[in-house]
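# Breakdown of the fold
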Amino acid sequence: MPLDILSGKFLFSSCAAAKPPSKKMITLLAAGASPSTPPRSRPSNPPSLRPRRVREVPSSPTNQAPRPAVSSASGTAKTRGRRRRVEGEQGVGGGQRWGECVPSTEEASIRVGTLYQNGDPLGRKELGRCVVEWLVQGMRSMACKLAAAELEGDLAAAALALELGSEEGRLGFVIQAQPYLSAMPMPQGLEALCLKACTHYPTLFDHFQRELCDVLLSYQNQGLISDCRATQSWRILNEMANSSQHRAAVRMTSPRPRVVHSRIGVSLKKVSLMQGRIEEFVRHMSDLLRIERDVELEFMQEELNATPMLHDDSDPPKPVEYLVSHGQAQQEQCDTICNLNVISSSTGLGGLHLVLFRVEGGHKLPPTTLSPGDMVCVRTCNSRGEGATSCKQGFVYNFGEDGCSITVALESRHGDATFSRLFGRSVRIDRIQGLADALTYERNLEALMLLQRNGLQKDNVSIGVVATLFGDSKDMVKMAKNNQTDWDESNEPDLSPPARCAFDASQLRALKLGLNKTRPVLIIQGPPGTGKTVLLTELIVRAVKQGERVLVTAPSNAAVDNMVESLPRTGLNIVRVGNPVRISPFVASKSLGEIVNGKLRQFRKELERKRTDLRKDLRQCIEDDSLAAGIRQLLKQLGRDLENKEKETIREVLSDAQVVLSTNTGAADPLIRRSGCFDLVIIDEAGQAIEPACWIPILQGKRCILAGDHCQLAPVILSRKALDGGLGKSLLERASSLHDGLLTTRLTVQYRMHDSIAMWASKEMYHGLLESSRSVASHLLADSPVVKATWITRCPLLLLDTRMPSGGLNIGCKEHLDPAGTGSFYNEGEADIVTQQVLNLVHCGVSPTAIAVQSPYIAQVQLLREKLEGYPGLSAVEISTIDSFQGREADAVIISMVRSNPLGAVGFLGDSRRINVAITRARKHVTLVCDTSTICHSTFLARLLRHIRRYGQVKHVAPGSLDGVSGLGFSQPTLPSIG
Ligand SMILES: Nc1ncnc2c1ncn2[C@@H]1O[C@H](COP(=O)(O)OP(=O)(O)OP(=O)(O)O)[C@@H](O)[C@H]1O
C-alpha cells in the first residue's frame, strides 16, 4: 500500500501497513456477514493451516458453502460460539463494546509471565474469553477489509496479498494486524495479555482465517460472489497457509534444521557443529527476549492500572480551570496533559498524520516533561481527566508557540473509528515509555529465526559473518587457508587522497582492516574520544569508493542521526530510513520521506490538476450515470497511479542509495530488505545493542563492522533474569573475546579530553592503555581568547562537595525520592549549586553552547531544567541524563550525582560504565557536584574522588549568594556560593 508507505508505513511501520477499514465499511460488511444471515457454514477446502488437525466435513448441498475445517485451538472454537450469540443479539456494528467484556476472576488471574507461547494458536483456556473476543473483533475487521477490497476490485487487496505472501510473511502479517486490533478497546485490566497475544502469529492467523471464511461465505450467501473459493482472497489465504514461512512459524518450538552446506571452506561436519551452536544460541536468546518482554508488559500493565479510567459512577465533574491549573496526580508527574480538544489535522513532513490539540478554554498547557519525539497515548477523557481504555499511539511532534497547543503525529488515520472519536471530546495525552514495543520484539525474534534457518545456507550473503561468529578458532584458520577469508591488513587499500584528518597508527590500522573486502567481521573497540565517528565516516566514504553499498545502523535514532550529520559533506548518495518524528530536523532532508516527496512534487501537482478537472466534469454530468461512473473510475485510476508512482520512486531511491542508514530494528523494514543486499554493514554504538537486534542488519550484508566500546553504556534490560541470562551482553562484547581477539582492533589515542580527565578513564576502564593526543592533553577552558582566566577555567577537574569539612551536610542538599512515584531521585541543593556553577562559567566567558549538565536521575534533570529556564541567556546549555548524552561532547561538563543519604546507598551511580560516559564527555573541564560522604561508599567512586583530589581541586559549597557579577542581566539568585 504505497500511500500508506509514504504517509505512514515507514513512519509507524508497525501499524500503518494497512489502512484500518472505515467504520461504515465494517458496519456494513459485518451486518452482511453476521450470523443473522441464514445458515452459515464454511467451505470444505479451507486453507490447510494446521494440516495435522484439519477435520474434513462433508460438503453441504447446493447453494450452501461447505463447512470449514476447525482449527486447532479448541478454546478459540468455543469462543466463536459465544461471539455468534453476541452478534446474533446485537450485530458487530450494533453497539457491542468489546472493552466492556468483564473478565472472570479466573481470567483476571492469567499472567503474561506464565503464558506459554508456541506454534499453536492460543485459545480461551490460555487467554480468557475477553481477550479472545477482542482478537476476534480485530481480525474480523481485517478480514472484512480484505474481502471488501476484493469486491471493489481495489488493487489494495493485491498489495495486501503481496505483503502476506512476502518473504517477511509472518512478520508482515503480524504488523498488518496491529491497526485493526488497536482500533478495538482492549478489555480493561487485560491490556498486557492483549499485547502479548497480538504478536503471536499462530493465534492471529487462526482467527483471521476463520473470519475471512465467514465474511466470504456471507458474500456468497448474499449473491455478491458466486463461489468464495474462486476469490483472490481465498487463494491468498491458501497460499499463505501453505507457505514454508507459515509452516515454520506454527512449528516455532521445534524448527526443523535445514541441511547445511559448506561454502565457507570448512568441512560439513564442522558446519553442522556451527549450526548446533546457532540453534542453541537462538533458543536461549528467544527465551530471554520473551522473559524481557513479559517484564515490559507487566510494567506497562502496572502503569495502566495506576491510571484512572472512565467510569460511569464518577464524581461530579470539576471545572476545567481547576484541572488545567492545578492538575491531578498524573499532571503533577508532568507526563500527562488533560482537557485538550482536537483543533485540526493535517499531513506533515513525510506524510505524517498531524493532529493539533489545544487546551480547553484557551488555557496554557501545564508544565510538562513531554518533548518532541516522545511516544504518547491519546484517548478521550471525562472532565476530571480520567481516560478511556481505547487509546491511539503517536509521537509528540511539537508544541505551539502560544503555549496552549501541542501537535501529535498519530498512527491512526481519518476513517478510523478511534480517531474519529477524538473529535468534539475532551482528550488526554499520556507519555508511554517505549516499552512493550511489539514490533521491536517481533523483529528481534524474526532475526533470530532467520539466523537459525538461513545463517549457514549457501545462498545467504552473510554466511561468512555467521560462520565467523559461530565457528571456533580452528574454523577461522581453515577458512583463511582455503582463501575464504583474510584476517590481515595485507589487502592494503590505497589511502590517497589523504583522509580528512591525520589518522594515528591505530586508526589507520582500523581503516585498512575495515576496507578489506575478504574480512567478514571487524570489531573496532574505541574508548571515548578516540575518533570512532570520524573513522567510520572515512570508512564509509572509502568503502563506497571501492564499489561497496553500505548499510549503517545504530541502536538509537540519535546515534544514527549523528552518523547522518557527519556524511553530507562527503558527497555520497545517502538515505536515512525511519520514523520522521524520530529523525532530527537537521538531517530530515536526507530522510526517505523527504527525498521521495521531493521527487514526486511535480507528479503530484500534475495529478492534482487532473483531479480538479475531473471533479469539475463530474459535477457537470451528474445526471448522466454512465458518464459519471466513467469519471469516477478515472479518479480511482489516478489514485492508483499515484500509489504505483510512489512505490516505484521509493524503490528507485533506495536501490540508488550508496549508503542507507537506520536503527538496528529499523533495518528490518521491508523497504530496506527489498532494496537488495549490502556489501558492508556498519553498526555504530554496538556496545549498546542487544545481540538479536544486531542480527537484523548483519544478515543483510556480506561483511560487517561493529564499532563501540563495551566500557560505555550497555543495553537497557528490565528483567534481572534476562540480564543474568546474558541478554545485556552485546555482540560487540561477545565477539571481541572470540578467536583470541582475532576480530578486534583497538583505537588507543583520544582526541577529546584534558589528560587529567582521560587519565582517570584510562586507569579505571582501559588498563592504562588510553593515550592522550598532544593536541588536547593540556587544553583548558582558559585557553580560549574569549574566556577569562580564573581558577575555575584553569582547572580541568573540580569537585564541589556538599558535605562541609566539619562533616555536616549543606542545607537542602539531601536526596529526595521523586513524589511522582517514578523511583527517580532529586536533590534541590545540588540543583542550585549546578545552576550557580553554570552562571560562573558563563560569567567567565564560556559559551552556554559549550556547557553540558548531566545527572543520572531524570527527576534531577527535570529540576535542573526548571531552574535554568529562569535564565533566558542559558537556554543553550544542554541538560540531559547521562544515558542520552552518550556519543556527544562539550567543553565543560557539570555532573550532579544527587545521592546523599546516611546509608551510603549510591544506586546505579555505582555502574562504572555510566560514570565513564559522564566524565568522558568533557573536553576541558569537569565539575562533579556530590555529597562525598555518601558517594565514597562505592570503592569505584571513592577512587574517582581520590583522582580529582590529586589532579584537580575540591571546594566545599557553603550557603551564600552569587557575587553579583553575572553580567547576563538576570536577577541574582540566592544560592550557595563557592567558598
Ligand atoms: N586523528 C585525529 N586527529 C585529530 N582529531 C581527531 C582525530 N580523530 C578524532 N578526532 C577528534 O576527536 C574528537 C572525538 O572523536 P569522536 O567523536 O569521533 O570520538 P568517539 O570515539 O566517537 O567518542 P565517543 O565514544 O565518546 O562517542 C572529535 O572532536 C574528533 O574530531
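Residues numbered from 1 in each chain as written. Predicted model: local features only at pLDDT ≥ 70, side-chain atom pairs only at ≥ 80, totals over all residues.

### Some remarks on the overall build of the protein
The helix and strand inventory of the protein stands at 35 helices and 24 strands. Looking at the protein residue by residue over its 979 residues, the buried ones come to 51%. In the protein, the proportion of contacts linking residues at least 24 apart, taken out of those at least 6 apart, comes to 74%. (Helix = DSSP H or I, 4+ residues; strand = E, 2+ residues; numbered from the N terminus. Buried ≥ 20, exposed ≤ 12 C-beta atoms within 10 Å, placed from the backbone. Contact = placed C-beta atoms within 7 Å.)

### Details of the sheet that holds strand E7 (residues 521-525)
If you walk across this open sheet you meet the 7 strands as E9-E10-E8-E11-E12-E7-E13, and the pairing is parallel. Taken across any chain shown, the strands that pair with only one partner, and hence form the sheet edges, are strand E9 (574-576) and strand E13 (744-746). Strand-to-strand twist across the sheet, computed as the mean angle between neighbouring axes with direction ignored, equals 20°. Here 5 bridges tie strand E11 (residues 678-683) to strand E12 (residues 701-708), and the two strands are oriented parallel to one another. Looking at the pairing, Ile-682 lines up with Ile-705 of E12. The strands that helix H22 (residues 557-566) touches are strand E8 (550-554), E9 and strand E10 (659-663); relative to E10, the one it contacts most, it runs at about 160°. (Pairing = 2+ DSSP bridges. Axes fitted to C-alpha atoms, helices over the stretch in contact; angles between N-to-C directions.)

### A short note on the site of the ligand
Contacts to the ligand come from 18 residues, most closely from Pro-528, Gly-531, Lys-532, Thr-533 and Tyr-751. The element best represented in the shell around the ligand is helix H21 (residues 532-545), accounting for 3 residues. Along the lines of polarity and charge, the residues of the shell around the ligand split into 6 nonpolar, 8 polar and 4 charged. (Near = placed C-beta within 6 Å. Nonpolar A, V, L, I, M, F, W, Y, C, P; charged D, E, K, R; others polar.)

### So, helix H33 (residues 912-919)
Owing to its 3.6 residues per turn, the α-helix brings residues three or four apart onto one side. Of all the positions in H33, only Ile-915, Asn-916, Val-917, Ala-918 and Ile-919 are classed as buried. On its buried side, H33 packs onto helix H29 (755-765), strand E19 (851-855), helix H32 (882-885), strand E21 (890-896), strand E22 (922-930) and helix H35 (939-951).

### Some points on the environment of Asn-444
Relative to the helices and strands, Asn-444 resides in helix H17 (residues 438-454). On the basis of neighbour count, Asn-444 is assigned to the buried category, with 25 C-beta atoms found within 10 Å. For the pair formed by Asn-444 and Pro-692, sequence separation is 248 residues and the distance between their alpha carbons is 5.4 Å. Sequence-distant contacts of Asn-444, that is, excluding residues within four places in its chain, are made with Leu-289, Pro-692 and Ala-693.

### Describing the pairing of E22
Most of E22 sits out of view: 9 of its 9 residues are buried. Sheet topology places strand E16 (residues 797-801) next to E22; 5 bridges connect them, and they run parallel. The residue of E22 that forms the bridge with Asp-801 is Cys-930. Pairing geometry for E21 and E22, over 6 bridges, is parallel.

### Some words on the packing of helix H20 (residues 505-514) against H21
Viewed as axis vectors pointing N to C, H20 and H21 meet at an angle of 35°, and their least axial separation amounts to 10 Å. Like other packed secondary-structure pairs, H20 and H21 cross with a definite hand, here right-handed. Seen from H20, the contacting residues are Gln-507, Ala-510, Leu-511 and Gly-514; seen from H21, they are Leu-535, Glu-538 and Leu-539. Within the contact of H20 with H21, the residues separate by chemical class into 4 nonpolar, 2 polar and 1 charged. (Left-handed = near helix turned anticlockwise from the far one by under 90°.)

### Structural notes on the pairing of E19
Within E19, 5 of the 5 residues are buried, leaving the element largely enclosed by the surrounding structure. Residues Ile-851, Val-853 and Ser-855 point to one face of E19 and Ala-852 and Gln-854 to the other, with burial holding for every one of them. In terms of strand pairing, E19 meets strand E20 (residues 878-881) through 4 bridges, oriented parallel. The partner of Val-853 across the bridge, within E20, is Ile-879. Following the backbone out of E19, through helix H31 (residues 858-869) and into the adjacent parallel E20, one traces a crossover that is right-handed. (Right-handed = clockwise from strand over helix to strand, strands pointing away.)

### Points about unusual backbone geometry
One non-glycine residue, Asn-339, lies in positive phi territory at about 55°. For Asn-339, the position within the fold is in strand E1 (residues 336-347). Overall, the presence of 24 C-beta atoms within 10 Å leaves Asn-339 in the buried class.

### Describing H21
Helix length check: H21 (14 residues) gives 20 Å between terminal C-alpha atoms against 20 Å at 1.5 Å per residue, within 8%. Restricting attention to buried positions, one finds in H21 the residues Lys-532, Leu-535, Leu-536, Thr-537, Glu-538, Leu-539, Ile-540, Ala-543 and Val-544. Of the residues trailing H21, Gly-547 is marked for its positive phi of about 90°. (Expected span 1.5 Å × (residues − 1).)

### Structural notes on the nonpolar core
Residues Ile-540, Val-550, Val-659, Ile-682 and Leu-706 are the most contacted members of the largest nonpolar core, which totals 98 residues. By residue number, the principal contributor to this core is helix H13 (residues 268-305), which donates 10 residues. Beyond its immediate sequence surroundings of up to four residues, Val-659 is in contact with Ile-540, Val-544, Val-550, Val-552, Leu-567, Leu-572 and Ile-574. Counting 69 residues, the second-largest nonpolar core is a separate cluster that includes Cys-711, Cys-795, Leu-799 and Val-838. (Core = buried A, V, L, I, M, F, W, Y, C linked by C-beta atoms within 7 Å.)

### Here we look at the packing of helix H30 (residues 828-843) against H31
Between H30 and H31, whose axes approach to 10 Å, the crossing angle comes to 50°. The orientation of H30 relative to H31 falls into the category oblique. Between H30 and H31 lies a crossing of right-handed hand. Residues Ala-831, Val-834, Thr-835 and Val-838 of H30 form the contact with H31, whose own contacting residues are Gln-860, Leu-863, Leu-864, Lys-867 and Leu-868. Class assignment of the residues belonging to the contact of H30 with H31 gives a composition of 6 nonpolar, 2 polar and 1 charged. (Parallel < 35°, antiparallel > 145°, perpendicular 65-115°, else oblique.)

### Some thoughts on the confidence of the model for the protein
In this model, the protein carries a mean pLDDT of 76, and residues with pLDDT of at least 70 account for 73%. Considering only residues more than four positions removed or in separate chains, one finds that residues 1-99, a stretch of pLDDT under 50, has 220 contacts. Confidence over residues 253-257 falls short of pLDDT 50; this stretch has 7 contacts with residues more than four positions distant or in other chains. What the predictor reports for the complex is a pTM of 0.69 with an ipTM of 0.98. (pLDDT = per-residue confidence, 0-100.)

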